[in-house]
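Working through the structure, step by step
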Amino acid sequence: MRQEEMSTVGYDETFSDDIRALRQFREKQVKGDSEAIAIFQQDDNWFAFGDDADRLFERIGWQTSAKLMDEGAISWMDVNESGIMALKLNSIEVMKLNPKFGINIAGWSSEEDYKADRLSLAQQTIDYVRYSNENKDAIVNLGKYPVHSVEDGIDTINNINFVKFSGHDVNLFTESGSQVNLVAGQMWNVAMAEDYIISTGNMMDAQREDVLHTLKHYDSVEMQRLLKTEDIMEEYNTFLSKYRYDHVLMEQQDFYEALGDDAVSMANKYHLLLWDRDAGNGQSVPMVMLSMDQVDRVLSESDDVLIEESRIMESRDELALKPSPLNEGLHETLHFNESGIKKTRSGDFMVWARLNGVDLPDKEISPEMGIRYLRLTGGAEKEVVLRAALQQSYGAEISQIASRSQSAMVKM
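To start, this report covers the structure provided alongside it. (Residues numbered from 1 in each chain as written. Predicted model: local features only at pLDDT ≥ 70, side-chain atom pairs only at ≥ 80, totals over all residues. Heavy atoms only, no water.)

1. Let's talk about the overall build of the protein
Spelled out, the test is: Note on conventions: DSSP H or I runs of at least 4 residues are helices, E runs of at least 2 residues are strands, and numbering of each starts at the N terminus. Relative accessible area decides the class of each residue, using a 1.4 Å probe on protein chains only: under 20% of the type maximum gives buried, over 50% gives exposed, and in between gives partly exposed. Any two residues having at least one pair of non-hydrogen atoms within 4.5 Å are treated as being in contact. Each accessible area value is a Shrake-Rupley result obtained with a 1.4 Å probe; residue values ignore everything except the protein chains displayed when judging cover.
From N to C terminus, the protein includes 13 helices and 20 strands. Per-residue burial over the protein gives 47% buried out of 412 residues. The contacts of the protein with a sequence gap of at least 6 include a subset with a gap of at least 24, amounting to 65%. Roughly 21,300 Å² of accessible area belongs to the protein as shown, and the carbon and sulfur atoms make up 47% of that amount.

2. What to know about the sheet that holds strand β12 (residues 256–259)
How we decide: A pair of strands is labelled paired if DSSP reports no fewer than 2 bridges between them. Axis geometry follows a simple rule: fit a line to the C-alpha atoms, using only the stretch in contact for helices, then measure angles between N-to-C directions, giving values from 0 to 180 degrees.
Taken together, six strands build an open sheet; the order of strands is β15-β11-β12-β14-β13-β16 and the sheet is mixed. Looking at strand neighbours, the two that pair on one side only are β15 (305–309) and β16 (321–323), the edges of this open sheet. Direction aside, neighbouring strands of the sheet carry axes that sit 40° apart on average. For strand β11 (residues 247–251) and β12, the ladder comprises two bridges, and the chain directions are antiparallel. Counted as the bridge partner of M250 is E257 from β12.

3. Considering the pairing of strand β3 (residues 65–69)
For β3, the buried fraction is high: four of the five residues fall into the buried class. Where β3 meets strand β4 (residues 72–79), five bridges bridge the pair, whose relative direction is antiparallel. Across the sheet, the residue bridging to M69 is G72, located in β4. Counting the residues between successive antiparallel strands, the hairpin from β3 to β4 contains two residues.

4. Things to note about the environment of P361
Note on placement: P361 falls in the loop between β19 (358–359) and β20 (363–365). A relative accessible area of 49% means that P361 is categorised as partly exposed. Note: C-alpha distance between P361 and Y394 (33 residues apart in sequence) is 9.6 Å.

5. With respect to the pattern of salt bridges
For the record, the criterion: Whenever a carboxyl oxygen of Asp or Glu lies within 4 Å of a side-chain nitrogen of Lys or Arg, that contact is scored as a salt bridge.
Counted according to the given criterion, the structure contains 20 salt bridges. E134 is the partner of K136 in a salt bridge, and the nearest nitrogen-oxygen pair spans 4.0 Å. Look at K136 and you get partly exposed, because its relative accessible area is 49%. The salt bridge partner of K342 is D362, with a shortest N-O separation of 2.9 Å.

6. As for helix α7 (residues 221–242)
The criterion, for reference: Here the expected span of a helix is defined as 1.5 Å times the quantity of residues minus one.
A rise of 1.5 Å per residue sets the reference length of α7, with its 22 residues, at 32 Å; its end C-alpha atoms lie 32 Å apart and thus fit the reference within 8%. Listed in full, the buried residues belonging to α7 are M223, L226, L227, T229, I232, M233, E235, Y236 and F239.

Structure follows, in structure tokens:
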């Protein structure tokens with residue numbers, strides 16, 4: 001038990017009774033000379049307490065919570081599935097025990113140690129990811145993942161762009177370019193970065209398979225394509241922020257391109273074909289690709305388009321492009337009172353809408369479109385993704401629905 005935790009514990013008679021019962025159960029199940037860490041099951045969750053929790057802290061650095069018994073303070077820790085797998089990858093023997101009597105561990109966590117519990121679960125997820133990566137160098141792109149943080153004593157929100165695994169080290173890189181070290185060697189920098197650890201851990205836990213896939217294929221063609229696309233997007237966004245033009249085109253070897261929201265906006269305004277640029281790892285970036293003739297036409301229609309030469313030159317042949325499904329939503333102006341895309345508990349993605357006060361039936365859409373919509377925080381692309389989903393789902397019947405709704409309103 002660490003000294004700084006002693007001031008946060010509170011006495012709980014029920015907790016003391018639970019611990020005594022668990023100790024007796026453990027003694028019957030575990031041999032006295034066993035080096036195994038005993039964890040106890042409650043419903044779908046696992047937890048460790050006492051010497052087992054303290055040994056986890058000493059051996060692997062996961063944060064413990066603390067409660068006060070009549071005999072003194074005792075440590076405890078929730079353990080998730082990632083934590084169990086991380087222990088196995090770290091060659092730590094785990095013994096799973098399932099007591100047949102009810103234990104209310106949900107009531108153990110006070111407001112003071114709730115954060116410590118969340119931190120521990122985040123550490124477990126990150127450790128599972130880095131042990132699975134076998135200490136190789138790799139970068140996981142997080143897009144823009146907002147996290148709560150404290151800077152100079154002021155609460156703020158910061159965006160994390162990616163996490164880098166380098167040997168035993170783990171570092172986060174924020175949107176502003178600052179670096180936050182989570183793990184140096186085998187030591188967790190808890191005091192420095194616990195808010196970032198919690199948020200990044202939760203994200204990794206939610207997208208664990210995607211993160212592991214990224215790490216596994218880091219040296220693959222698709223990962224190199226992703227990294228190159230990220231570099232080009234960074235260069236393109238620099239042009240957008242540097243110059244005050246409505247649109248920016250980057251000159252490549254044999255074509256001109258616009259990317260992201262700017263590509264969607266240009267495709268909509270100048271009636272251009274919108275492409276999905278394959279960035280690898282299941283990600284895509286909207287793109288318009290213009291010939292010289294098309295550029296001349298655009299420039300003749302507008303005096304607010306800038307052309308800049310890219311320092312990262314590429315040709316049409318090396319691009320992995322496909323017509324974007326968003327083309328269907330570019331010029332659609334379906335008018336709904338409310339609409340959106342949601343993910344169901346079963347993992348499916350559904351588009352929903354309300355027209356003239358009438359709830360339309362939810363319609364299933366492709367996982368690619370659902371994931372694309374939910375990962376966007378806003379902008380032209382998100383709007384067109386929704387319009388495309390609405391057009392695909394309700395376009396054929398929209399006139400009939402509107403007609404029936406108007407008729408019903410007249411009769412009323």
